[in-house]
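# A look at the structure
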Amino acid sequence: VHKQKPNLSPAIFEVRDVSYSKDNHVLIEDISISINSGEIIAIAGSNGSGKTTFSKCLAGLIPSRGDIKFCGHFLGDWPEDQKWSRLGYVFQNPEHQFITDSVMEEINYSLQSKEQTAQKYKNKDILRTLRMADHVNSHPFSLSQGQKRRLSVAVMLVNGQEVLIMDEPTFGQDAVTSKEIIDFAVNAVPGTGSIIMITHDMDLVDRYADNVLVMEKGKMIFYGAPGILWNQPGILARASLRLPFLKELEMQMEGKYAVK
């Protein structure tokens, strides 16, 4: 189980009163949080609650109102290439990331762009771990949805960014592969970095996250440790979140939880 690492300053993200509107609809409203070095943050909530939109605000992919500082500097002050050398974003739709004609080329392209040739030997390890070793010559678009998602995560991980924002990185994966993907990300990111992942998988949140941001209709309705969230049935219900399997089991054994 992930152990919280010591906090180091400055914070990775300092977010103050961030809002985002599109076509006169408010999609994100007045969110303020701080994400520290070494933290793994989960973003949860029902479909349409604004999770992806907020993550794109964090990455500067869409223009938001309010203040976002990334590693001590306002997001808008970062030259794009410098920002992306430190921040990786794994899209919900993996196809948005693929630009070459084979799985191995895709990974090599990422490495070339960083000139980290010393890491090339890791390619095969990465592909083996994510069960992609038999697909090195496959065209990325010919892969299954699950394989595409694993490749999109692998491509980000070889880049060596210290902060990763991942939008549903384990969607469509079984429990074993989900754990492998997140373990892989945790090992790839330095201890001073951070992982921010949007997920519906409360077992992953329980296992890995230091804090969880719960959203509803573009607003933050909870931000804190998962252990506190599991004891807030009202918030879980509002956000359509279920308890993690082990927590549910524990509550059933304690007689606190009505079995339907």
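Reading guide: rules and limits
Residues numbered from 1 in each chain as written. Predicted model: local features only at pLDDT ≥ 70, side-chain atom pairs only at ≥ 80, totals over all residues. Heavy atoms only, no water. Helix = DSSP H or I, 4+ residues; strand = E, 2+ residues; numbered from the N terminus. Buried < 20%, exposed > 50% of the residue type's maximum accessible area, 1.4 Å probe, protein only. Contact = heavy atoms within 4.5 Å. Phe/Tyr/Trp six-rings, centres within 6.5 Å; stacked < 30°, edge-to-face > 60°. 1 Å grid on protein atoms, 1.4 Å probe; cavity = no way out; pocket = protein on both sides within 12 Å on 5 of 7 lines; lining within 4 Å. Points joined across faces, edges and corners; volume = space filled by probe spheres on them. Nonpolar A, V, L, I, M, F, W, Y, C, P; charged D, E, K, R; others polar. Pairing = 2+ DSSP bridges.

Now for the overall build of the protein. Helix and strand content of the protein: ten helices and ten strands. Within the protein, the fraction of its 260 residues that count as buried is 48%. Long-range contacts, defined here as pairs at least 24 residues apart, represent 65% of the contacts in the protein between residues at least 6 apart.

Inspection of the entire model under this criterion finds three aromatic pairs. Taken together, a centroid distance of 5.3 Å and an interplanar angle of 50 degrees make the contact between F70 and W78 tilted. Among the aromatic residues, those joined into a cluster by ring pairs are F13, F70 and W78.

Here the focus is the layout of surface pockets. One number sums up the size of the second largest pocket: a volume of about 250 Å³. Lining the second largest pocket are twelve residues, and of these D201, D203, L204, R207 and L246 lie nearest its centre. Elements with a contribution of two residues or more to the lining of the second largest pocket: helix 6 (175–188), helix 7 (202–208) and helix 10 (245–253). Sort the elements by how many residues they give to the lining of the second largest pocket and helix 7 lands first, with four residues. Taken together, the residues that form the lining of the second largest pocket break down as six nonpolar, one polar and five charged.

Taking strand neighbours across the sheet as the criterion, the four strands line up as 2-1-4-5 in an open arrangement whose pairing is antiparallel. Looking at which strands have only one partner, the edges of the open sheet turn out to be strand 2 (25–35) and strand 5 (73–74). With two bridges joining them, strand 4 (residues 65–70) and strand 5 adopt antiparallel strand pairing. The residue of strand 5 that forms the bridge with F70 is H73.

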